[in-house]
Amino acid sequence: MDHNLSSLRVRDIGEQGLLEKLQHFCPPGIIGDDGAVLATESNKCLIVTTDMLVEGVHFSDVTTSPQDAGWRAAAANLSDLAAMGATPLGITVGLGLPGDVTVSWVEQLYQGMTECLSKYHTNIVGGDIVRSPITTLAITVFGQVDPNLIIRRGTAQVGNAIVITGIHGASRAGLELLLHPEIAQNLKTEAKTALITAHQRPNPRLDVLPILWEILENQSKTQNLNSQITVAGMDSSDGLADAILQICRASQVGAIIESSQIPFSWAFAEWLTSEKSLEYALYGGEDFELVLCLPPEPALTLVQKLGQGAAIIGTITPTSTVILHDKQAEIPDQILSFSRGFQHFG
């Protein structure tokens, strides 16, 4: 890369100069007015969600390259759509920047976003840039969904199986390796790479949705049901325990989680105790898997089709508590709470 170009600062080219560069990350013809026009089908609901990411809280140069920061920002927003059962239409990006940030850093950030978005045929369709004392991203994502297929937190029913679509804790482990490289001295390169990748390049689980809908449609036909089987759920961006607690609170139910059914990354065995593995899985966060509650039979079919760390880890109960149970009785039952997970201003 040309040294002069790589050292070019945002303040050197100004707002219009930066906007001109960033327009290359959007499809031709979709920006230039006061808003983007996104076509949606008449029988669909529009889903809109916004995520903010702040330097030093959600990403930093110590743990995340600008490309990886962009990827993670896009993945976090697409994960919210997956958690609602929606298909993405596009995203807008609000970007706050200090003037001494290099233009190259900003372009790499957008490269990371577009790399992630392109996997899901999604575009950046607009946004805004402002001067800010700290780098801040505010992304709004737009999606569409059949109104009968919306996944909500408040519809879990007693007897539902609790499904996770993949392993938890790997992102937290990867973050620890990035923050404290010395702890990885005896860890094999393959294991280290897998965990760091889980943190820097998570994949939103939009791929789960068509599989889920097909299973539920077949189940409804087999049982001659007049309506779609209800699925409750959300993503696990703030941790597995947080997601289960949020669903139970919204649905006014409880749950029993079987600790032995929670799968761990194969890379954990080399350096984490079972207690630390469980802590990372429950409270680590930023794994961007889905936590779904649905009847046991289609839940089992879903897990079998997904493979790769998907599992049924518990059952919805009529109580008001979420209990972590060990069928081996090696550890006493624990009541899960929000207090151990990440909370802003906590």
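Rules behind the numbers
- Residues numbered from 1 in each chain as written.
- Predicted model: local features only at pLDDT ≥ 70, side-chain atom pairs only at ≥ 80, totals over all residues.
- Heavy atoms only, no water.
- UniProt positions renumbered as here; feature names shortened; annotations may be inferred.
- Helix = DSSP H or I, 4+ residues; strand = E, 2+ residues; numbered from the N terminus.
- Rg over C-alpha atoms; globule rule 2.2 N^0.38 Å.
- Buried < 20%, exposed > 50% of the residue type's maximum accessible area, 1.4 Å probe, protein only.
- Contact = heavy atoms within 4.5 Å.
- Areas by Shrake-Rupley, 256 points an atom, 1.4 Å probe, with all protein chains shown as cover.
- Pairing = 2+ DSSP bridges.
- Axes fitted to C-alpha atoms, helices over the stretch in contact; angles between N-to-C directions.

Under an unreviewed UniProt entry, the name given to the protein chain is Thiamine-monophosphate kinase, and the source organism is Aphanizomenon flos-aquae WA102. Its UniProt record, at the heading Catalytic activity (unreviewed entry), says of the protein chain: "thiamine phosphate + ATP = thiamine diphosphate + ADP". In UniProt, the protein chain has this text filed under Pathway (unreviewed entry): "Cofactor biosynthesis; thiamine diphosphate biosynthesis; thiamine diphosphate from thiamine phosphate: step 1/1."

Caption draft 1: Local environment of the overall build of the protein chain. Counting secondary structure elements, the protein chain contains 10 helices and 11 strands. Relative to the globule expectation of 20 Å for 346 residues, the C-alpha radius of gyration of the protein chain, 21 Å, shows essentially globular dimensions. Taking the principal axes of its C-alpha atoms as reference, the protein chain extends roughly 65 × 55 × 35 Å. When burial is assessed residue by residue, the protein chain has 49% of its 346 residues classed as buried. Partitioning the intrachain contacts of the protein chain with sequence separation of at least 6 by distance along the chain shows that 86% fall at a separation of at least 24. If you sum the accessible surface of the protein chain, you get close to 16800 Å²; carbon and sulfur atoms cover 50% of it.

Caption draft 2: Spotlight on unusual backbone geometry. Of note in the backbone geometry, H121 takes a positive phi value of approximately 55° without being a glycine. Here H121 falls in the exposed class, since its relative accessible area comes to 72%. The backbone of Q252 sits at a positive phi, close to 55°, despite the residue not being glycine. Tracing the sequence through the fold places Q252 in the loop between α8 (240-251) and β7 (254-258). Of the residues examined, Q252 reaches a relative accessible area of 71% and is grouped as exposed.

Caption draft 3: Expanded view of the sheet that holds strand β5 (residues 161-164). Spatially, seven strands are ordered β6-β8-β5-β9-β7-β10-β11 in an open sheet, and the strand pairing comes out mixed. Looking at which strands have only one partner, the edges of the open sheet turn out to be β6 (232-235) and β11 (334-335). The pairing of strand β10 (residues 322-325) with β11 spans two bridges and is antiparallel. Residue pairing for β11: I323 is matched across the bridge by I335. Packed on one face of the sheet, helix α3 (residues 66-84) meets β6 and β8 (290-294) and runs near 175° to β6.

Caption draft 4: Focus on the pairing of β5. Alternating residues of β5 divide into A161 and V163 and I162 and I164, and every residue in both groups is buried. With four bridges joining them, β5 and β8 adopt antiparallel strand pairing. Considered in β8, the bridge of A161 is made with L294. The pairing of β5 with strand β9 (residues 311-317) spans four bridges and is antiparallel. Paired with V163 across the two strands is I312, which belongs to β9.

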